[in-house]
Amino acid sequence: MVRVTIIAQLCAAGLALAEVASVPAGGSEAVECPLDSGYIPAAPAIPGGDKPVTLDTPIVEPGPVALPASAVYAEPVRKTFFAYLAAGSDRGGKSKDGGSPGKSPLRVSYFDHARSTVPRPAILPLDGVASVVPAGVSLALDEQGYVWVCASPALAASNSGAGNKEQPTTQPAQGAGAAAVGTQGQPTILFRSSKPHDIRAFTRHAGPPMADARLYHLGEQGFLLIGLRDRDGGSIPCFATSPDGRSWSEPRQLADIDANHSLVTAFFKGKTGATKVGVALAAWPAGKSPLMATNLYYVETPDGGKTWQSIRRIPLNLPVRGNENGVLAWDYKSMRWTVYLKDMELDSAGNPSIVFIGGRGGTGRIPLMCTWIVGRWVGREWETNGVIPAAGPFDATAFQILPDRSWLQLVARNTSAPRQAHEEVVLWSSNDQGRAWYKQAWVSSDPSIRHALVRPLNASPELFALAIIGLRGIEKSIPPFGEHPGFTKPPIDATRLLFHNARGDSLMLPLAMPDSEARLEPIDAPPPQTQPK
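Residues numbered from 1 in each chain as written. Predicted model: local features only at pLDDT ≥ 70, side-chain atom pairs only at ≥ 80, totals over all residues. Heavy atoms only, no water.

## Quick look at the overall build of the protein chain
When its secondary structure is counted, the protein chain shows zero helices and 31 strands. Among the 533 residues that make up the protein chain, the fraction classed as buried is 59%. For the protein chain, the share of sequence-separated contacts (at least 6 apart) that also reach a separation of at least 24 residues comes to 60%. For the protein chain, the accessible area works out to roughly 21,700 Å², and carbon and sulfur atoms hold 51% of it. (Helix = DSSP H or I, 4+ residues; strand = E, 2+ residues; numbered from the N terminus. Buried < 20%, exposed > 50% of the residue type's maximum accessible area, 1.4 Å probe, protein only. Contact = heavy atoms within 4.5 Å. Areas by Shrake-Rupley, 256 points an atom, 1.4 Å probe, with all protein chains shown as cover.)

Now the structure itself:
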């Protein structure tokens, strides 16, 4: 049995934030990034709060949940760079006890694959940027190896489910292809490392107003930012482009299918250097719950946002309405199914595989039956495969297509519904594009844990997924393997950051680091009483 060598001592050293001024309009500034004393992420944003969600539990209406973490594997240096939101301060950068100044919640670090180590994470400072309340984070690497981190705000509170038609639009129409999209007035904040593949110092500047933003670097085509903005209380997909990551275009509306939208994105770079970014969408009407999202739409851009097309390469006029030729991948609305988008991957030919939970049945907002479905383009048509059962619409996943065309899918349950023992987190594999799935590894069995899973871009088998886990207000031991030697019982609502590799092994990042780096080794879970089938 592999022993756990995670450091558990608290570091007594204090943290001093760099003194920096606010971000100049249209400019950038150098910031120093102090090091944090360990890895304690913010709790995953699972609808329903700290109470387990059942079919009979009234839940808070969930809006689109921003990305809690983001990662990219850099093959030339064999490092996975990742950014996340940390616990210990609110998402406005103020200390929870009212003290000032507080710590910024933004963290950036990397995993050294050659040495199996992580350094102490760097704090990306937000002091002097009082209007920015980060709710999501996205990371990208440019061709020179510079690390880019984008912090984005949350959508307005009115966007959490209602889609209020009475709320006025805050921005006038801009004509065809740039339909009116409102904003809370909070810009994204972008950080660029001062040196390639380094996290010790960054420059900081403001980006376009956008929530749940996903940042991509497309080589000579520059940068593409895709996210959501508020319009009349609804969530509208939009995008912005930049040649250098500093000067940005005005956000343009990507789709106007309904009053509210959810999205997932994916990036592809071919052997010739050609790039593509795909966007999968679902939508629901004003005044309805996000749990009523339905239909599956897909659009893509082959040139960094200059033009958009359907999967059949038919040019599209923006904003997309959903009835264009080739945009609607699958009509689930006519089948009375709901669609909860979770992940997407583009294969070696650039064809999308969209991972979502399909819900059907039931008389309330929670569907009676949920299934993990992969919808993929097979050259002339869409094919869907749904075999793995889901506990509910809030379950999490990380999906990857391997070089041999086999599939890996890590599934984490976030709903307290009846289940078989030891199936809270399971790694599945498929050798026939999802027609049959096999349990490759049992990962976790603690039903009091809530999960958020993130797959790194260009993920290595050594770090297939990042997992942020948190308790649902129930005092349990961490990690999610029950009592285990070497771990002490944490306080209620403790959170942890874990890595999962393609074999199903788990590596926990240290809560505290008295040294400048820590070596990670796999955590061996004690064998379950009932082995998974």
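## A look at the pattern of salt bridges
All told, the structure shown has 15 salt bridges when counted by the stated rule. The closest approach of N and O atoms between Asp256 and Arg321, which form a salt bridge, is 2.8 Å. Remark: Arg321 occurs in the loop between β17 (294-301) and β18 (328-330) and Asp256 occurs in the loop between β14 (252-253) and β15 (260-269); sequence separation between them is 65 residues. Three or more residues joined by partner-sharing salt bridges are found here, namely Arg231, Asp256 and Arg321. (Salt bridge = Lys/Arg side-chain N within 4 Å of Asp/Glu carboxyl O.)

## Digging into the pairing of strand β25 (residues 425-430)
Counted residue by residue, β25 has six buried out of six residues, so it is predominantly covered. Of the two faces of β25, both are covered, the one formed by Val425, Leu427 and Ser429 as well as the one formed by Val426, Trp428 and Ser430. Bridging between strand β24 (residues 407-412) and β25 involves six bridges; their strand directions are antiparallel. Following the sheet pairing, Leu408 is matched in β25 by Ser429. (Pairing = 2+ DSSP bridges.)

## What to know about the pairing of strand β29 (residues 495-500)
In terms of burial, β29 is largely enclosed, as six of its six residues are buried. Burial of β29 is two-sided: the residues Thr495, Leu497 and Phe499 facing one way and the residues Arg496, Leu498 and His500 facing the other way are all buried. Pairing of β29 with strand β30 (residues 506-508) involves three bridges; the strand directions are antiparallel. When the sheet's bridge partners are listed, Phe499 is paired in β30 with Leu507. Connecting β29 to the antiparallel partner β30 that follows it, the hairpin turn spans five residues, and Gly504 within it adopts a positive phi of roughly 95°.

## Examining the sheet that holds strand β20 (residues 352-360)
Within the open sheet, the four strands sit side by side as β19-β20-β21-β22. Their pairing is antiparallel. Strands at the two margins of the open sheet, each flanked by one partner only, are β19 (338-346) and β22 (382-390). For this sheet, the mean inter-axis angle between neighbouring strands, taken without regard to orientation, is 25°. One ladder, built from seven bridges, connects strand β21 (residues 369-377) with β22; its direction is antiparallel. Note on β22: the bridge partner recorded for Trp377 is Trp382. (Axes fitted to C-alpha atoms, helices over the stretch in contact; angles between N-to-C directions.)

## Quick word on the confidence of the model for the protein chain
This prediction gives the protein chain a mean pLDDT of 77; 71% of its residues lie at or above 70. Within the model, the stretch residues 90-102 combines pLDDT values under 50 with 23 contacts to residues more than four positions away or in other chains. (pLDDT = per-residue confidence, 0-100.)

## Things to note about the environment of Arg503
If you trace the backbone, Arg503 turns up in the loop between β29 and β30. The class for Arg503 is exposed, based on a relative accessible area of 56%. As a C-alpha pair, Arg503 and Leu427 span 76 residues in sequence and 8.3 Å in three-dimensional space. With sequence-adjacent residues up to four places away left out, Arg503 is seen in contact with Leu427, Gln440 and Ala441. There is a polar contact of 3.1 Å between the side chain of Arg503 and the side chain of Asp505. (Polar contact = N/O pair within 3.5 Å; in protein donor to acceptor, adjacent residues only side chain to side chain.)

## Some remarks on the environment of Pro237
The topology assignment puts Pro237 in strand β13 (residues 234-242). When near neighbours in sequence (up to four residues on either side) are disregarded, Pro237 contacts Gly227, Leu228, Arg252, Gln253, Leu254, Ala255, His261, Leu263 and Leu281.

## A word on the packing of aromatic side chains
Taken as a whole and assessed by the stated rule, the structure comprises 16 aromatic pairs. Seen in terms of ring centroids, Trp148 and Phe223 are 4.6 Å apart; in terms of plane orientation they differ by 55°. Their pairing is tilted. One end of the pair, Trp148, is in strand β8 (residues 147-153); the other, Phe223, is in strand β12 (residues 223-231), with 75 residues separating them in the sequence. You'll find Trp148 and Phe223 in the same group, each marked buried. With 5.2 Å between their ring centres and 75° between their planes, Phe399 and Trp407 make a pair best called edge-to-face. For the pair formed by Phe399 and Trp407, the shared burial category is buried. Put simply, the rings of Tyr39, Phe82, Tyr84, Phe111 and Phe499 touch in pairs and so form one group of aromatic residues. The ring of Tyr110 carries Lys79 above its face, with NZ or CZ at 4.3 Å from the centroid. When the ring centre of Tyr146 is taken as reference, the NZ or CZ atom of Arg192 above it lies at 3.7 Å. (Phe/Tyr/Trp six-rings, centres within 6.5 Å; stacked < 30°, edge-to-face > 60°. Lys NZ or Arg CZ within 6 Å of the ring centre and 35° of its normal.)

## As for the sheet that holds β17
If you walk across this open sheet you meet the four strands as β15-β16-β17-β18, and the pairing is antiparallel. On the outer flanks of this sheet lie β15 and β18, each paired with one strand and no other. Going from strand to strand, the sheet's axes swing by 30° on average, the running direction of each strand aside. Of the pairings in the sheet, the one linking strand β16 (residues 275-284) to β17 comprises six bridges and is antiparallel in character. Bridging from a neighbouring strand, Ala283 pairs with Thr294 of β17.

## Structural notes on the side chain of Thr371
Positionally, Thr371 belongs in strand β21. Take Thr371: its relative accessible area is 12%, and that puts it in the buried class.

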